[in-house]
Amino acid sequence: MAHAVRFYETGGPDVLTWEEVSVGDPGPGQVRIRHEAVGLNFADTYFRTGLYPVRLPDGIGVEAAGVVEAVGEGVTDVAPGDRVTYTGSPLGAYSTERVMDASHLIRLPAGISCETAAAMTMRGLTAAYLLRRIHPLREGDTILLHAAAGGVGLIVSQWAALLGIRVIGTVSSEEKAEIARAHGCRHVIRYRQENVADRVRELTGGAGVPLVLDSVGKDTFAGSLASLSRRGLLVCFGTASGPVPPIDAMQLAVQGSLFVTRPALADYIADPAERAALAGELFEHVATGRIKIEINQRYALEDAEQAHRDLEAGRTTGSSVFVL
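Residues numbered from 1 in each chain as written. Predicted model: local features only at pLDDT ≥ 70, side-chain atom pairs only at ≥ 80, totals over all residues. Heavy atoms only, no water.

A. Seen up close, unusual backbone geometry. Look at the link from Leu-56 to Pro-57: it is a cis peptide, with omega at 0 degrees. The phi dihedral of Ala-147 is positive, around 55 degrees, even though this residue is not glycine. Note on placement: Ala-147 falls in the loop between β9 (142-145) and α3 (151-162). Not every positive phi belongs to a glycine, and Arg-231 is a case in point at roughly 60 degrees. Tracing the chain through its elements places Arg-231 in strand β13 (residues 228-236). (Helix = DSSP H or I, 4+ residues; strand = E, 2+ residues; numbered from the N terminus.)

This is the structure in structure tokens:
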């Protein structure tokens, strides 16, 4: 029998249950995939807590990699035996196998393992659109990156270095500061000990930065705005500390005609051609070793409750995966 993690009510990590499930044959346009590794993402906690509402009961998880075991009628892009990865599909990735729509799948090149893919597909494609689609960054630019030692942060820092972009990263501890520096952060700010905006102004000669990448949300929002240069852009792509507060449009004008956006990865990979382009660039960097994917935590899928506790307590760095 296949197994999956499901939840019947919103709440803390203890609402997650480990169950036997029945997986049928794929229908038209579908595949049955056997997972080899499943990604653990902070966004998973948003579904569990109800911040992102879903109809319950439901599975959980949106990212995994594995092997196609069977295909339904009309599926031509993948075949049984193909190694694939995906992110952003309907919930249910926390499972040993599942039936899903084939349109979500991305074929894996030979140089990337399923474990690496599960650790980086969501984070890597997020880093890809943040650096390659959302703002016209140029070599020599400086950006501010919150949670620089996290899974997305480590990929962004390495990729930015390849593009000649200087990264100022924020972290919570010296241990995480060392990790961020080792992955390309030019400067690291310990946000519990330093005022982020003041330090950014100091590092940029008072100008501020044209782009802030903020996955933290409520706790960092004001400091992120105060770190921007005139006509700068704040990208709020996560809410680890809670949703960002209501935006006063006049304050954006007063602080330098600033811009704020709250993007979603789904809108940058909805077009198959654009998704393939971003994935191809990401996979090339990883396969050649220019970007290294740090898997610093590995869990059994049945230990999802503990994995969520570690994630929410800030005890993780880099990427985390469930290994099957």
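B. Molecular detail of the packing of aromatic side chains. Counting across every chain of the model gives 6 aromatic pairs. Each ring, one from Tyr-46 and one from Tyr-52, has its centre 5.0 Å from the other, and the planes form 70 degrees; the classification is edge-to-face. Owing to a relative accessible area of 7%, Tyr-46 belongs among the buried residues under this scheme. Each ring, one from Tyr-299 and one from Phe-322, has its centre 6.1 Å from the other, and the planes form 50 degrees; the classification is tilted. Linking Tyr-299 in strand β15 (residues 295-299) with Phe-322 in strand β16 (residues 319-323), this pair joins segments that are 23 residues apart in sequence. Like Phe-322, Tyr-299 is buried. Grouped by ring-pair contacts, the aromatic residues Phe-42, Tyr-46, Phe-47 and Tyr-52 constitute a single cluster. (Phe/Tyr/Trp six-rings, centres within 6.5 Å; stacked < 30°, edge-to-face > 60°. Buried < 20%, exposed > 50% of the residue type's maximum accessible area, 1.4 Å probe, protein only.)

C. A look at helix α10 (residues 304-312). By the burial criterion, the buried members of α10 are Ala-304, Ala-307, His-308, Asp-310 and Leu-311. Viewed along the axis of α10, the buried residues span an arc of 160 degrees, placing them on a single side of the element. Here the buried face of α10 lies against β1 (2-7), β2 (16-21), β3 (30-40), α1 (42-49), β15 and β16. Looking one or two residues beyond α10, the residue adopting positive phi is Gly-314, at roughly 75 degrees. (Arc of directions from axis to C-beta. Contact = heavy atoms within 4.5 Å.)

D. Region of the structure containing the side chain of Asp-82. By secondary structure assignment, the location of Asp-82 is in the loop between β5 (63-71) and β6 (83-87). Its relative accessible area of 16% is what places Asp-82 among the buried residues. At 2.8 Å, the side chain of Asp-82 and the backbone nitrogen of Ala-79 are in polar contact. Non-local contacts of Asp-82, meaning those with residues more than four positions away in its chain, are made with Gly-66, Val-67, Val-68 and Arg-107. (Polar contact = N/O pair within 3.5 Å; in protein donor to acceptor, adjacent residues only side chain to side chain.)

E. Quick look at the pattern of salt bridges. According to the stated counting rule, one finds 20 salt bridges in the structure shown. When the shortest N-O distance is used, the salt bridge between Asp-219 and Lys-218 registers 3.0 Å. The class for Asp-219 is exposed, based on a relative accessible area of 57%. The closest approach of N and O atoms between Asp-310 and Arg-315, which form a salt bridge, is 2.9 Å. Note on Asp-310: relative accessible area 13%, which makes it buried. One salt-bridge network, held together by shared partners, links Asp-25, Arg-32, Arg-34, Glu-36, Glu-69 and Glu-97. (Salt bridge = Lys/Arg side-chain N within 4 Å of Asp/Glu carboxyl O.)

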